Amino acid sequence: MLEGIPYPVLWLGLAVILAVFEAVTVGLVTLWFAIGAIFALFAALLGLPTIFQVVVFIVSSGILLYFTQPIAKKYLKVRVERTNADRVIGEKGVVIEGIDGIHGKGQVKVLGQVWSARAVDDTDIDQDEKVEVLEISGVKLIVRRLEE
């Protein structure tokens, strides 16, 4: 007992605090420790020594964290929805205003939209050449020439 508080109550309190923390953060870390606290609660209810309760808490939490967190993350993975701008990455386009590597000017038409663009290696790309969008930097597409 800790200052008059029975160990089962301490483990239950710890489990509740960790569960609430998990609900607030949604990090899939404290959940496993909350469950470990429940296992330690059962050990306390069985009247096992304090050191054994702590070992049950640490071992069960560690096992749960190691084996189930990757599975839970796989199935509870939040899908990232690409924005309209992100959709052009990896797409092919056509240079409609020659890309000037020195001045960083040029325009590309991708998916029916006209974008400012520059070449990834700062080379010049002539009008009507085909390019692939590699990334977006600010408001410009970073493209590379497609070899025909």
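Look up a bit, the structure's there.
Residues numbered from 1 in each chain as written. Predicted model: local features only at pLDDT ≥ 70, side-chain atom pairs only at ≥ 80, totals over all residues. Heavy atoms only, no water.

Undergrad: Honestly, a nonpolar patch on the surface in this entry has me stumped. Any pointers?
TA: Residues L12, V16, V20, V24, I35, I38, F39, F42 and L45 make up a contiguous nonpolar surface patch of roughly 810 Å² in combined accessible area. Contributions of two or more residues to the nonpolar patch are made by helix 1 (7-25) and helix 2 (30-45). Considering every element that reaches the nonpolar patch, the biggest residue donor is helix 2, with five residues. Looking at the secondary structure, you find V24 in helix 1. For V24, a relative accessible area of 66% gives the class exposed. (Patch = residues over 30% accessible without salt bridge, like charges linked within 9 Å, V, L, I, M, F, W, Y side chains within 5 Å. Areas by Shrake-Rupley, 256 points an atom, 1.4 Å probe, with all protein chains shown as cover. Salt bridge = Lys/Arg side-chain N within 4 Å of Asp/Glu carboxyl O. Helix = DSSP H or I, 4+ residues; strand = E, 2+ residues; numbered from the N terminus. Buried < 20%, exposed > 50% of the residue type's maximum accessible area, 1.4 Å probe, protein only.)

Undergrad: Would you explain the pattern of salt bridges in this entry?
TA: Two side chains that carry opposite charge are able to pair once their charged atoms sit near each other. One pass over the full model with this rule turns up four salt bridges. As a salt-bridge pair, R118 and D122 come within 3.3 Å of each other at their nearest N and O atoms. Residues R145 and E129 are paired through a salt bridge, measuring 2.8 Å at the closest nitrogen-oxygen approach. Separated by 16 residues along the polypeptide, R145 in strand 5 (residues 140-145) and E129 in the loop between strand 3 (113-119) and strand 4 (130-137) bring together distant segments of the chain. Residue classification places E129 among the partly exposed positions, given a relative accessible area of 21%.

Undergrad: Just checking my understanding: could you explain helix 1 for this structure?
TA: Since the α-helix advances by 3.6 residues per turn, residues separated by three or four positions end up pointing in the same direction. Spanning 19 residues, helix 1 covers 27 Å between terminal C-alpha atoms, matching the ideal 27 Å at 1.5 Å per step. Residues of helix 1 that are buried include every one of W11, A15, L18 and E22, and no others. Seen from one end, helix 1 has its buried residues packed into an arc of 70°, which puts them on one side. The exposed set on the far side of helix 1, more than 90 degrees from its buried face, consists of I17, A23 and V24. Buried-residue contacts for helix 1 involve helix 2 and helix 3 (50-75). In the stretch just after helix 1, V26 is the one whose phi turns positive, near 50°. (Expected span 1.5 Å × (residues − 1). Arc of directions from axis to C-beta. Contact = heavy atoms within 4.5 Å.)

Undergrad: Quick question: what am I supposed to make of the sheet that holds strand 2 (residues 105-110) here?
TA: In a beta sheet, neighbouring strands pair by backbone hydrogen bonds and run either parallel or antiparallel. Judged by pairing direction, the barrel is mixed, and its five strands sit side by side in the order 1-2-3-5-4 before closing back on the first. Each strand axis lies, on average, 50° off the axis of its neighbour in the sheet, ignoring direction. The pairing of strand 2 with strand 3 spans four bridges and is antiparallel. Paired with K109 across the bridge in strand 3 is V114. (Pairing = 2+ DSSP bridges. Axes fitted to C-alpha atoms, helices over the stretch in contact; angles between N-to-C directions.)

Undergrad: Would you mind showing me how to read the packing of helix 2 against helix 3 here?
TA: Two quantities define a packed helix pair, namely the angle between the helix axes and the distance between the axes. The N-to-C vectors of helix 2 and helix 3 enclose an angle of 145°; their axes lie 8 Å apart at closest approach. Of the two possible hands of crossing, helix 2 and helix 3 adopt the one that is right-handed. Of helix 3, the residues touching helix 2 (which contributes W32, F33, I35, G36, A37, F39, A40, A43 and A44) are Q53, V56, F57, S60, S61, L64, L65, T68, Q69 and A72. (Left-handed = near helix turned anticlockwise from the far one by under 90°.)

Undergrad: Teacher, can you tell me more about unusual backbone geometry here?
TA: What is expected of a backbone is that most residues other than glycine have negative phi and most peptide bonds are trans. Here D122, not a glycine, exhibits a phi torsion of approximately 55°, which is positive. Checked against the element boundaries, D122 lands in the loop between strand 3 and strand 4. Given a relative accessible area of 43%, D122 falls into the partly exposed group. Backbone geometry at D128 places phi at a positive 70°, although glycine is not the residue there. Tracing the sequence through the fold places D128 in the loop between strand 3 and strand 4. Residue D128 is classed as exposed on the basis of its relative accessible area of 58%.

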